[in-house]
Protein chains: 2
Amino acid sequence: MRVAKVAIAGLGGVGRATAMLLLSRRERYLRLYGTEVRLVAVCGSRSGLSDASGLEADRLATLQAGLSGPEFVAASGADILIEAGPSDFRTGGPGLAYIRPSLSDGRDTIVISKGALVHSGRELQALAEASGATLKISGATAGSLPTIDLLEHSLLGCTVLRMEGILNATTNYLLDAMTTRGIGFDEALREAQAGGFAESDPRNDTEGWDTASKLLILGNFELGLDLAMDDIPVEGIHSVTEERIKAWQADGLVPKLVGSLVLDDGAARASVGIKTYPRADPLAQVRGKNKAIRITTDAMGETIAIGSGTEPLATSAAALKDLEHILAARSAHRP
Amino acid sequence: MRVAKVAIAGLGGVGRATAMLLLSRRERYLRLYGTEVRLVAVCGSRSGLSDASGLEADRLATLQAGLSGPEFVAASGADILIEAGPSDFRTGGPGLAYIRPSLSDGRDTIVISKGALVHSGRELQALAEASGATLKISGATAGSLPTIDLLEHSLLGCTVLRMEGILNATTNYLLDAMTTRGIGFDEALREAQAGGFAESDPRNDTEGWDTASKLLILGNFELGLDLAMDDIPVEGIHSVTEERIKAWQADGLVPKLVGSLVLDDGAARASVGIKTYPRADPLAQVRGKNKAIRITTDAMGETIAIGSGTEPLATSAAALKDLEHILAARSAHRP
């Protein structure tokens, strides 16, 4: 029987949800891929736990101080890393220190946080290629919304002409509350913070950086671009006032924070900002914390996806979809 | 260098579009998969052409009588069959006679017509499994709309709870014209027939059979069900009158012809009929010849896809997406 040894680095909400979901699906992995999946290590920034025979859910409650870091992951014997740490696109975040050696060592790596992919995407792709490791990033590109999947699987063979996405749940919630319920930005933000889906410092979302990060990753990983954050004009939702909302509503328009990419013979123009859609456009009907993407290709026209999973479960399910594709490939290659 | 030898059976609009698109992408196949793709045979119901060194586009204009049928395909040396004949779910259609021996012989087979998949889906899956052939069916399940892809790739690992789809372009066009422009069924049908996207005998679409066929194929091939057409209550769009449309509009509702599947602990209830959606539902905004699907899973919530490719190009692109996945698997397994 095959064994897959998984380590999870990053034990916030998504990391923990991923651990629990993985443990609950072990029977499935055995049945479908003939693979015993063991969770051999978990760690947060300062503490962790490892066991070569596999951790059970109850043990995640009592981590040991000092068990953390890339060497800890390597020593655990894991052959798959799921990286779920905090995201920082300016530095690559703590994830970068985990992902680099993981890929160099040939460990299949599933990345959920965006920072390292924005900061060092090209380097990480090269590391994976050199070692033969698989690098999967569904969780980093709008979670359960199929973005990567559309580009690399469903639209395979087509040339992408344009792409636009409502890629950030927090700002979509805020704009939706402001436009449909007429409340102000501050009140909507307090709601979102109380609900746990806006940070106490919400600027990464509200200024558009999270949207830009996802757009950049999609462009660089799936469309062969080499975008840097500086290439993307980024505007957030702070310009959306009650007056502008009223004017849009009078015209039957709905404002959304959108990441856009226009491709023209290899040249790409990426931007993040407010776009307005007529109500009959499905993107205008993306409510609350939902997300959406519209991809226009030469041969398949427009393809829209709208996702509405509940976090952190949905993003952990996206990361574990990546895991299953790795398990499937392993069982196909070494039957 | 690897060579892939493709035969296309069925030379209506989709078959011909598939041939032309395939020929135009040969450079791509060589670059991405190290594979020279040759179109070694094409045939309609009574005539065809084969050439082991590969056919070029100009030769498709002059077919030879008598070159047709499963033996013709086998004799061509093709190792991939694309079946694009007319669809008949009551008999399996002419496609069945091509697909059966193709799978038995171990030929990777891409099916576009629905008839054989509805009529003999289980048998065909068993044939593929026994011979190790790959059976791909994207083109048969709403063309460029990602239906199969969502179920077997993007939502992998999740349990499907419900599925509902606007899976038939013709009826969506008719209903959309009737509701948004206030014209009657007969006038809308004449428009669709003049535009070439409704048959002279439109009942397969308007009575819901095409929708039911796609629903059945998705259930049986992707969700492990064993549905027969008799298990599905099928209602078309003939019950939609001007009066009912007016009443729905007064309530802010939009009627759609929908195939639905509800799964409950392994038990499945499938049905086809008119459902109404409030205008704020993205499915209400699926216009004209577009199609859509909404899949609800345990871990990812609702995922919606909306597709709007132009036929026959979009369906041929879906079939050639299947081809690329076959080429990718071949180059991964035999590098």
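Residues numbered from 1 in each chain as written. Chains lettered and ligands numbered in written order. Predicted model: local features only at pLDDT ≥ 70, side-chain atom pairs only at ≥ 80, totals over all residues. Heavy atoms only, no water.

**Quick look at the overall build of chain A**
Here comes step 1: Counting secondary structure elements, chain A contains twelve helices and twelve strands.
Here comes step 2: Reported as C-alpha extents along the three principal axes, the dimensions of chain A are approximately 65 × 45 × 35 Å.
Here comes step 3: In chain A, which comprises 335 residues, the share counted as buried stands at 59%.
Here comes step 4: Residue pairs at least 24 apart in sequence account for 69% of intrachain contacts in chain A once pairs closer than 6 positions are excluded.
Here comes step 5: Surface exposure of chain A reaches about 13,000 Å², of which carbon and sulfur atoms provide 49%. (Helix = DSSP H or I, 4+ residues; strand = E, 2+ residues; numbered from the N terminus. Buried < 20%, exposed > 50% of the residue type's maximum accessible area, 1.4 Å probe, protein only. Contact = heavy atoms within 4.5 Å. Areas by Shrake-Rupley, 256 points an atom, 1.4 Å probe, with all protein chains shown as cover.)

**Overview of the side chain of B:Arg330**
Here comes step 1: Within the secondary structure layout, B:Arg330 lies in helix 12 (residues 313-333).
Here comes step 2: Excluding residues that lie within four positions of it along the chain, B:Arg330 makes contacts with B:Ala4, B:Asp79, B:Ile80 and B:Asp108.

**A look at helix 2 (residues 26-33) of chain B**
Residue and element names in this part refer to chain B.
Here comes step 1: All of the buried residues in helix 2 are Arg28, Tyr29 and Tyr33. The buried residues of helix 2 occupy one face: seen down the axis, they fall within an arc of 100 degrees. In helix 2, those exposed residues whose orientation departs by more than 90 degrees from the buried face are Glu27 and Arg31.
Here comes step 2: Tucked into the core, helix 2 has its buried residues touching strand 1 (2-9), helix 1 (13-24), strand 2 (35-43) and helix 12.
Here comes step 3: At the C-terminal side of helix 2, Gly34 shows a positive phi close to 55 degrees. (Arc of directions from axis to C-beta.)

**Here we look at the relation of the copies chain A and chain B**
Here comes step 1: Screw-axis analysis of chain A against chain B gives a translation of 0.0 Å along the axis, an RMSD of 0.0 Å, and a rotation angle of 180 degrees. Such a turn and shift between the copies fits a two-fold axis. Within chain A, the C-alpha atom positioned nearest to the axis of rotation is that of A:Ala305, 2.2 Å from it.
Here comes step 2: Same-surface contact between copies: 97% of interface residues of chain A are shared with the interface of chain B. (Least-squares fit on C-alpha atoms with pLDDT ≥ 70 in both.)

**Observations concerning the domain arrangement of chain A**
Residue and element names in this part refer to chain A.
Here comes step 1: For chain A, the assigned domains read domain 1 (2-144 + 313-333) and domain 2 (148-307).
Here comes step 2: Computed from C-alpha atoms alone, the centre-to-centre distance between domain 1 and domain 2 is 27 Å.
Here comes step 3: Listed per partner, the contact involves 16 residues of domain 1 and 18 residues of domain 2.
Here comes step 4: Taken over both partners, the interface formed by domain 1 and domain 2 buries close to 1,500 Å², and the fraction arising from carbon and sulfur atoms is 66%.
Here comes step 5: Summed over the shared surface of domain 1 and domain 2, the number is three salt bridges. (Domains from an automatic or database assignment. Buried area = accessible area lost by both parts, 1.4 Å probe. Salt bridge = Lys/Arg side-chain N within 4 Å of Asp/Glu carboxyl O.)

**What to know about the sheet that holds strand 10 (residues 267-278) of chain A**
Here comes step 1: Strands sit in the order 10(A)-9(A)-8(A)-11(A)-12(A)-12(B)-11(B)-8(B)-9(B)-10(B) across an open sheet of ten strands; the sheet is antiparallel. If you trace the sheet from one side to the other, it starts and ends with strand 10 of chain A together with strand 10 (267-278) of chain B, each paired once. Going from strand to strand, the sheet's axes swing by 15 degrees on average, the running direction of each strand aside.
Here comes step 2: Of the strand pairs in this sheet, strand 11 (residues 291-297) of chain A and strand 12 (residues 301-307) of chain A are connected by seven bridges, and their pairing is antiparallel. Each bridged residue has a counterpart across the sheet, and for A:Thr296 the counterpart in strand 12 of chain A is A:Glu302.
Here comes step 3: Helix-sheet contacts for helix 10 (residues 209-222) of chain B involve strand 8 (160-166), strand 9 (253-264), strand 10 and strand 11 (291-297) of chain B, and the interaxial angle to strand 9 of chain B is about 30 degrees. (Pairing = 2+ DSSP bridges. Axes fitted to C-alpha atoms, helices over the stretch in contact; angles between N-to-C directions.)

**Quick look at the UniProt feature "active site" (unreviewed entry) in chain A**
Residue and element names in this part refer to chain A.
Here comes step 1: Taking the UniProt record as the reference, the feature "active site" (unreviewed entry) is found at Lys214.
Here comes step 2: Here Lys214 shows up in helix 10 (residues 209-222).
Here comes step 3: In this structure Lys214 comes out as buried when scored by relative accessible area, which is 7%. (UniProt positions renumbered as here; feature names shortened; annotations may be inferred.)

**Observations regarding the packing of helix 1 of chain B against helix 12 of chain B**
In a pair of packed helices, the angle between the axes and the distance between the axes together describe the arrangement.
All names here are of chain B.
Here comes step 1: Between helix 1 and helix 12, whose axes approach to 8 Å, the crossing angle comes to 55 degrees. Here helix 1 lies oblique to helix 12, going by the angle between them. Where helix 1 crosses over helix 12, the two elements pack in a sense that is right-handed. Residue-level contacts link Val14, Ala17, Thr18, Leu21 and Leu22 of helix 1 to Leu313, Thr315, Ser316, Ala317, Leu320 and Leu323 of helix 12. (Parallel < 35°, antiparallel > 145°, perpendicular 65-115°, else oblique. Left-handed = near helix turned anticlockwise from the far one by under 90°.)

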